[in-house]
Amino acid sequence: MTQPPSFPPQRPRRRSIRATPPAAASNDAPPSIPPTRARQRPSTGSTTTPRSSSAASPRSPEASQPRAIPPRQRRERTVPASRTARSQAQPQTRQSSTSAPPAYPPQARRSRDGAPIRREGRDTEMRPRPAESVPPRRDPHVAPPARRRRRRWIPLVALVIVCALFAWPLYLLGWANSQITHVPALSSASEGEGTTWLIAGSDRRSDGSDGGIADPTTTGARTDSLMLVRRVNGTAMIVSLPRDTAVEIPGKGTNKINAAYSLGGPTLLVKTVEHLTGLKIDHYVEVSMGALTQIVDAVGGVNLCSDLTVNDRDSGLVWSPGCHTVDGKTALAFARMRKSDPNGDIGRADRQRQVIAKTVDSALSASSVVNPFTQHALSGAVASSLITDPDTGIVSLGLLGWNYRKAQQAQLTGTPPLSSLNYRDGVHGSMVSLDSSRIESFWSKLGSGTLTPDDYWKPPR
């Protein structure tokens, strides 16, 4: 039997510390560990040379020295062309040194051989998260936009305006109603259809402080003008009753209609008009001469027109033909003048309706409605200078003005049919008599709201 060859014993090999070149990168092999520099021992007079794995081969002087380690190469990161174009189109914002590092999409877990690990109920590959949008870079030379302050005062101002819009009319209504003078005037007649206002213009004198006529020698009061304003079935109508109209005064006999006021006050006057027309009077309004002056001044004057040339001493009116804007004092003289008018009381009634119509138009104009100072002055002038029945307040007076204006626009205003302007009974002087053949039909149409402009009396030419 052959003996195996014997070999001399060898010393254990020491691991070489020479540097080896980095291995080529491979997708299957794990990354190589960069070589480290050989550790040098302090020199003691002799140099220790690393031993080679081949003890038989002789070593060269160059091999005995440690090999120089090449510097570590830095791999440059390649950026896709699409991302480069996008970064050039959208400037990126400057990131501070304390910002968090960019987050990369998670990768699927893989085994040692590189194959993805499969799990039941899950995808084989994890879907990458969408790339986060890069905010645009701000130009450092452009100042940042100022932060918009929260305007908390806007709701407060709006609340104050809304409260004022509701509070001001309520205050004005309550204050004006407290300024009106009320007197008993209405009768106990049964209620009828529609609403009827009786406007009485008083010639009562005063000391002149209220804008009226100062005449201490004249006592008592009479009605210079009488008007009926009626609204029924949506139709508004105005009828002027001449002051010298011959009527039957309840309990006093035949007399001029304006005498009813001096004989029994507003109560007898209301009963006389109801007896004449057969209509129920719902509201009584008495206007003094001073009231007309104050109301016209409160609306800033009115524009009146007349073709007459007047220089009347009794009323104090001086007028040239045409239209003129006048104040309260001239408007009062325009409404009172009758001796210089060829039509007498009929012409004066026409001018009185003109003054009231122009005053109502000015009071209901937009400039007066939106102006609180005009509202206060007008409400004060109306409330302090008018006398009404206890059931008539500012709301009823407002409806009166509205219906007066509506009737004026529809031309449903005038005088009832007359038969004579100089009727005499031998006791009360010259009076105005109504046309007995047409007057009953006229009152019936007034009650039903079927009057037409042709039903009013037209002066002869």
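All values reported here derive from a predicted model rather than from experimental measurement.

Trainee: Explain the packing of aromatic side chains to me, using residue names and the numbers behind them.
Mentor: If you walk through the whole model with that rule in mind, you get four aromatic pairs. Aromatic pair Phe442 and Trp443: ring centres 5.4 Å apart, planes at 70°, arrangement edge-to-face. When sorted by exposure, Phe442 lands in the same class as Trp443, which is buried. Of the aromatic side chains, those joined through ring pairs into one cluster are Phe442, Trp443 and Tyr456. The ring of Phe334 carries Arg351 above its face, with NZ or CZ at 5.8 Å from the centroid.

Trainee: Hey, could you go over the environment of Ile257 for me, with residue numbers and the actual values?
Mentor: With respect to the helices and strands, Ile257 occurs in the loop between β6 (253-256) and α4 (259-277). Taking the C-alpha atoms as reference points, Ile257 and Val247, separated by 10 residues in sequence, lie 5.9 Å from one another. Those residues within four positions of Ile257 in sequence are excluded, and the remaining contacts are Leu226, Leu241, Pro242, Arg243, Thr245, Val247, Leu269, Thr272, Val273 and Leu276.

Trainee: If you had to explain the confidence of the model for the protein to someone new, which residues and values would you point to?
Mentor: Mean pLDDT over the protein: 76, with 64% of residues reaching 70 or higher. The model gives residues 22-29 a pLDDT under 50, and that stretch makes one contact with residues more than four places away or in other chains. Scored below 50 in pLDDT, residues 42-57 shows 10 contacts in the model against residues more than four places distant or in partner chains.

Trainee: So what's going on with the packing of helix α5 (residues 289-298) against helix α6 (residues 328-336)? Residues and values would help.
Mentor: Where α5 contacts α6, the axes come no closer than 8 Å and their chain directions differ by 130°. Taken together, the axis directions place α5 and α6 in an arrangement best described as oblique. When the axes of α5 and α6 are compared, the crossing they make is right-handed. Contacts from Met289, Leu292, Thr293, Val296 and Asp297 of α5 reach α6 at Gly328, Lys329, Ala331, Leu332, Ala335 and Arg336. Residue composition of the contact of α5 with α6, grouped by class: six nonpolar, two polar and three charged.

Cut-offs applied
- Residues numbered from 1 in each chain as written.
- Predicted model: local features only at pLDDT ≥ 70, side-chain atom pairs only at ≥ 80, totals over all residues.
- Heavy atoms only, no water.
- Phe/Tyr/Trp six-rings, centres within 6.5 Å; stacked < 30°, edge-to-face > 60°.
- Buried < 20%, exposed > 50% of the residue type's maximum accessible area, 1.4 Å probe, protein only.
- Lys NZ or Arg CZ within 6 Å of the ring centre and 35° of its normal.
- Helix = DSSP H or I, 4+ residues; strand = E, 2+ residues; numbered from the N terminus.
- Contact = heavy atoms within 4.5 Å.
- pLDDT = per-residue confidence, 0-100.
- Axes fitted to C-alpha atoms, helices over the stretch in contact; angles between N-to-C directions.
- Parallel < 35°, antiparallel > 145°, perpendicular 65-115°, else oblique.
- Left-handed = near helix turned anticlockwise from the far one by under 90°.
- Nonpolar A, V, L, I, M, F, W, Y, C, P; charged D, E, K, R; others polar.

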